[in-house]
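# Topology and contacts: notes
The residues making up each chain are set out below.
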Amino acid sequence: MRFFLSAALTGLLLSLAATVFAADEDGYELWLRYRPLERAAQATVKAQARAIVIPGAATPTTEAALAELNRGLAGMLGQAPQKAARIGDGALLLATPERLPELAAVNSPLRADLAALGGGGYLLRQTRIQGHKVTLIAANSDIGLLYGAYAWLREAAIGAPARDVSSAPKLQLRLLNHWDNLDRTVERGYSGQSIWDWWALPDILDQHYTDYARANASLGINGTVLNNVNSKPEVLTAPFIAKAAAVADVLRPYGIKVYLSARFSTPLELHETATADPLSPEVRAWWQRKADEIYKSIPDFGGFLVKANSEGQPGPQDYQRNHAEGANMLAAAVAPHKGIVMWRAFVYAPKGSHRADDRARQAYEEFKPLDGAFAANVLVQVKNGAIDFQPREPFHPLFGAMAKTPLMMEFQITKEYLGYATDLAYLGTMFEETLESDTKSAGTVAQTLSGMAGVANIGSDRNWAGSHFDQANWYAYGRMAWDPQAKARNIAAEWAALTFGPDRRVADPIVDMMMISREAVVDYMTPLGLHHIMGTSHHHGPAPWVDNLERPDWNPVYYHRADRNGIGFDRTASGSNALEQYAPEIARQYADPRTTPQQLLLWFHHLPWDYAMPSGRTLWAELLARYDKGVADAKSLRTRWSALKPLIDARRYAEVDQRLARQIDNAVLWRDACIAYFQSVSGLPLPAGVQPPAHTLDYYKALRYPYSPGRG
Ligand code: GCW
């Protein structure tokens, strides 16, 4: 009895001490913090890693794995084990069949498991090798070993290091896209400057590059596009190729390839050709020479990402050629080097020629007829939804519609439309929602993919992402690029434990906050399928009243179509019929507002204000209720966080708390401004109990944000 009492007391004291004295953290270490484990967990981990053994010759990649294991074990145990040359009991053994042929021997129980892993997968096993009890990290390549090392460290840090795990990436291309400019501004970046210091490169290699590589490799990200899709011709000149090559050298041991965004008119703008027509022999030869030049400095260069004929960017249509003709010309230049071209489907009509009726239709209209026309090394990169990274969109109709063309998903990790780096919005749930959507023609969206790209939220801020919780979006993106069927909640739990420690009293409530956060943002910004009602160009804050921009489809009023009678965009047969771009089952289901998911109602339907919602409320009352719920949820995020104050280091506690307070203000602003505006249009009274907006509509209309970040 006495023993139990004193054990309980010691436990209590220990946890008190841990929290009272929790040292301030600045977030630089991300999810790779490797804090000391509790005693019992330390013993388990120690027993699995008495020595580290990597048979065969060291490579930069095995050296990276070894360094990470040393760093992790030193942090978690207080001391790192020695590297040993021979396998003994308790060894942490990293081996490929090449390094340890018995793994693949005919009678090896691991043979089949290993074969199933492909190039990038790994397995973790408690097993016997050469008569010794070992913890085995096995893979078919050194990169697989590195991924396995990160996985084992993750398990150890969370407190489950003895599980048998087999894991292989489901997608071969798992990329970040940086919208980083050469002057270090970042388009839609909210976390400082670009981490790529182009001016200092190639001579000066910032430590950030290595830590960036570690963080990404820990998730399995294997490619990065260094520069903005709104690209510049200079990117492909010799000095910048040398700079990109220097970055590539740092990232290579971590299995991360470098790619560049290419401006379609580069040769013309550099005055090296007389045209940029993709069918001109002169132009084709130029790109071939350029590719050869790049591959001379970056032998494993990944290839090009291209934004063409979109938002003022040049493209093949400038020469009456189509997207496939443009993409294939570049593809031919990189094909001899095994490079690829990622051609973006984010297109909308150039000025003057736009379809007045529905911008959401355009990508499908331009790309669907080209299915089968793209070269083998071209992938079409499609945003998750047909408009533009809104807080909620239905999945893009191109998913499931391009049977002969490999597609990549493009998610935005940076929160251009979801509250920058101030509002907490965990995007794991949003990614999951899109990925598990059923296309009805080709399985889930996840099943239609050949790769994934995430528009990075990484910058020079000490915590990389602008806020601690925004690190979770980078993390979730990476984990889902590895496994698009992974569950947002599990990923959140993993991230929370790695970032704030495995104590469930902390991690569980944090996961709950994360899980409600994105829906809260949808509710206070664009409930029930509303979209694109943000402020002009900076996209911060509400501006549903804007109706005077040069193009109709830049105006919020184009998207919500609210008037005295109703609200919403009719995309059924009586409207733009964008619905016909989906599989017939979906088109049929969504043709009727009664069978359309409520969360997409006003995306597909224009409905009268008194339309009866399933809740029993009118549409008008429901809209108000959603805005109120959004505000209530934003408040609840902060209340939940305050309860964690005693358990979190003071610095991170305060940094998050300040943002949550700001998020409440933002939610109230959205709610009040939208209610003021929609009421001015509907002319309807606020039902009893609904708080009137704090200010007049004119007040909200007059708000300006001339110095908002992220305009690049
Ligand atoms: O969401 C919009 C952004 C632009 C961006 C564009 C795109 C890089 O507002 O800043 O440009 O999408 O995806 O090309």
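In case you missed it, the structure is sitting above this.
In what follows, the accompanying structure is described. (Residues numbered from 1 in each chain as written. Predicted model: local features only at pLDDT ≥ 70, side-chain atom pairs only at ≥ 80, totals over all residues. Heavy atoms only, no water.)

### Comments concerning the overall build of the chain
Across its full length, the chain carries 21 helices and 16 strands. A compact globule built from 712 residues should have a C-alpha radius of gyration of about 27 Å, and the chain, at 27 Å, falls within 12% of that. C-alpha atoms of the chain, sized along the principal axes, occupy 80 × 80 × 50 Å. Counting only residues that meet the buried cut, the chain has 60% of its 712 residues in that class. (Helix = DSSP H or I, 4+ residues; strand = E, 2+ residues; numbered from the N terminus. Rg over C-alpha atoms; globule rule 2.2 N^0.38 Å. Buried < 20%, exposed > 50% of the residue type's maximum accessible area, 1.4 Å probe, protein only.)

### Observations regarding the packing of helix 5 (residues 142–158) against helix 14 (residues 488–500)
Axis separation between helix 5 and helix 14 bottoms out at 9 Å; the angle between their running directions is 75°. One way to sum up the angle between helix 5 and helix 14 is to call them roughly perpendicular. Only Glu494, Ala497 and Leu498 of helix 14 make contact with helix 5, whose side of the interface consists of Arg154, Ala157 and Ile158. Residue composition of the contact of helix 5 with helix 14, grouped by class: 4 nonpolar, no polar and 2 charged. (Axes fitted to C-alpha atoms, helices over the stretch in contact; angles between N-to-C directions. Parallel < 35°, antiparallel > 145°, perpendicular 65-115°, else oblique. Contact = heavy atoms within 4.5 Å. Nonpolar A, V, L, I, M, F, W, Y, C, P; charged D, E, K, R; others polar.)

### Quick word on the nonpolar core
With 216 residues, the main nonpolar core has Ile510, Trp641 and Phe678 as its most contacted residues. Among the elements that make up this core, the one with the highest residue count is helix 20 (residues 650–682) (14 residues). In contact with Ile510, other than residues within four places in its own chain, are Phe469, Trp495, Ala496, Phe500, Trp641, Leu644 and Ile648. Grouped together as the second largest cluster of nonpolar side chains are 15 residues, Val53, Leu93, Ala95 and Leu117 included. (Core = buried A, V, L, I, M, F, W, Y, C linked by side-chain atoms within 4.5 Å.)

### Digging into the sheet that holds strand 2 (residues 82–83)
In space, the 6 strands of this open sheet follow the order 2-1-3-5-4-6, with mixed pairing throughout. Unpaired on one side and paired on the other, strand 2 and strand 6 (165–167) mark the two borders of the sheet. By the bridge criterion, 2 bridges tie strand 1 (residues 51–53) to strand 2 in an arrangement that is parallel. Counted as the bridge partner of Ala51 is Gln82 from strand 2. Those strands touched by helix 5 are strand 3 (91–95), strand 4 (122–129), strand 5 (132–139) and strand 6, and its axis lies near 80° from that of strand 4. (Pairing = 2+ DSSP bridges.)

### Here's the deal with the site of the ligand
Of all residues adjacent to the ligand, which total 15 residues, the nearest are Glu187, Lys307, Lys383, Asp388 and Glu416. The separation between an oxygen atom of the ligand and a polar side-chain atom of Arg344 is 2.7 Å. Asp388 has a polar side-chain atom sitting 2.7 Å from an oxygen atom of the ligand. Across the complex, the protein chains shield 97% of the 340 Å² of accessible surface that the ligand would expose by itself. Across the shell around the ligand, the residue classes break down as 4 nonpolar, 3 polar and 8 charged. (Near = heavy atom within 4 Å. Polar contact = N/O pair within 3.5 Å; in protein donor to acceptor, adjacent residues only side chain to side chain. Areas by Shrake-Rupley, 256 points an atom, 1.4 Å probe, with all protein chains shown as cover.)

### Regarding the packing of aromatic side chains
Across all of its chains, the model carries 35 aromatic pairs by this definition. Note on Trp179 and Phe389: the rings are 6.3 Å apart at their centroids and 45° apart in plane angle, and the pair reads as tilted. A residue pair is termed long-range when its members are at least 10 positions apart, and Trp179 in the loop between strand 7 (173–177) and helix 6 (207–219) and Phe389 in the loop between strand 12 (378–383) and strand 13 (407–412) qualify at 210 residues. Taking relative accessible area as the criterion, Trp179 reaches 7% and is therefore assigned buried. Of the residues examined, Phe389 reaches a relative accessible area of 3% and is grouped as buried. Ring geometry for Phe264 and Trp343: centres 5.9 Å apart, planes at 90°, overall edge-to-face. Of this pair, Phe264 sits in the loop between strand 9 (257–261) and helix 8 (266–269) while Trp343 sits in strand 11 (residues 340–344); the two residues are 79 residues apart in sequence, bridging distant segments of the chain. (Phe/Tyr/Trp six-rings, centres within 6.5 Å; stacked < 30°, edge-to-face > 60°.)

### Considerations on the sheet that holds strand 14 (residues 449–455)
The 8 strands lie next to each other as 7-8-9-10-11-12-13-14, forming a closed barrel whose pairing is parallel. Between one strand axis and the next, the sheet turns through 25° on average, direction left out of account. Where strand 10 (residues 303–306) lies against strand 11, 4 bridges are found, and the strand directions are parallel. Of the residues in strand 11, the one forming a bridge with Leu305 is Met342. Packed onto the sheet, helix 10 (residues 323–334) meets strand 10, strand 11 and strand 12 and runs at close to 160° relative to strand 11.

### A short note on the environment of Asp206
Following the sequence through the fold, Asp206 ends up in the loop between strand 7 and helix 6. With 10 residues separating them in the primary sequence, Asp206 and Trp196 have C-alpha atoms 8.5 Å apart. At 2.7 Å, the side chain of Asp206 forms a polar contact with the backbone nitrogen of His208.

### Some thoughts on the pairing of strand 14
The element strand 14 is largely enclosed, with a buried count of 6 among its 7 residues. Bridging between strand 7 and strand 14 involves 5 bridges; their strand directions are parallel. Paired with Leu175 across the bridge in strand 14 is Ala453. Across 6 bridges, the pairing between strand 13 and strand 14 is parallel. Opposite Met409, over in strand 14, you have Met452 as the bridge partner. Running through helix 12 (residues 428–435), the crossover from strand 13 to the neighbouring parallel element strand 14 is right-handed. (Right-handed = clockwise from strand over helix to strand, strands pointing away.)

### Section: the side chain of His531
Relative to the helices and strands, His531 is located in the loop between helix 15 (504–525) and helix 16 (556–560). A residue is classified by how much of its surface remains accessible, and His531, at 1% relative accessible area, is buried. A distance of 2.9 Å separates the side chain of His531 from the backbone oxygen of Gly529, its partner in a polar contact. A distance of 3.2 Å separates the side chain of His531 from the side chain of Arg571, its partner in a polar contact.

### A look at the pattern of salt bridges
Per the stated rule, a full pass over the model turns up 46 salt bridges. Salt-bridge contacts for Glu29 lead to Arg35; the nearest nitrogen and oxygen are separated by 2.9 Å. (Salt bridge = Lys/Arg side-chain N within 4 Å of Asp/Glu carboxyl O.)

### Focus: the environment of Trp343
Judged by its relative accessible area of 0%, Trp343 is buried. Taking the C-alpha atoms as reference points, Trp343 and Phe604, 261 residues apart in sequence, are found 28 Å from one another. There is a polar contact of 2.9 Å between the side chain of Trp343 and the side chain of His323.

### Description of the packing of helix 7 (residues 238–251) against helix 9 (residues 281–297)
Helix-helix packing is characterised by the crossing angle of the two axes and by the distance between the axes. Interaxial distance between helix 7 and helix 9 falls to 9 Å at its minimum, and their mutual angle equals 40°. Considering only the axes of helix 7 and helix 9, their crossing is right-handed. Contacts from Ala238, Ile241 and Ala245 in helix 7 reach Lys290, Glu293, Ile294 and Ser297 in helix 9. Across the contact of helix 7 with helix 9, the residue classes break down as 4 nonpolar, 1 polar and 2 charged. (Left-handed = near helix turned anticlockwise from the far one by under 90°.)

### A short note on helix 9
For helix 9, with 17 residues, the first-to-last C-alpha span of 25 Å sits near the 24 Å given by 1.5 Å per residue. Looking at helix 9, one finds that the buried residues are Val283, Trp286, Trp287, Lys290, Ala291, Ile294 and Tyr295. Each buried residue of helix 9 lies within a common arc of 165° when the element is viewed along its axis, so the set occupies one face. For helix 9, the exposed residues lying more than 90 degrees away from the buried face are Pro281, Arg289 and Lys296. The inward-facing, buried residues of helix 9 abut helix 7, helix 8, strand 10 and helix 10. (Expected span 1.5 Å × (residues − 1). Arc of directions from axis to C-beta.)

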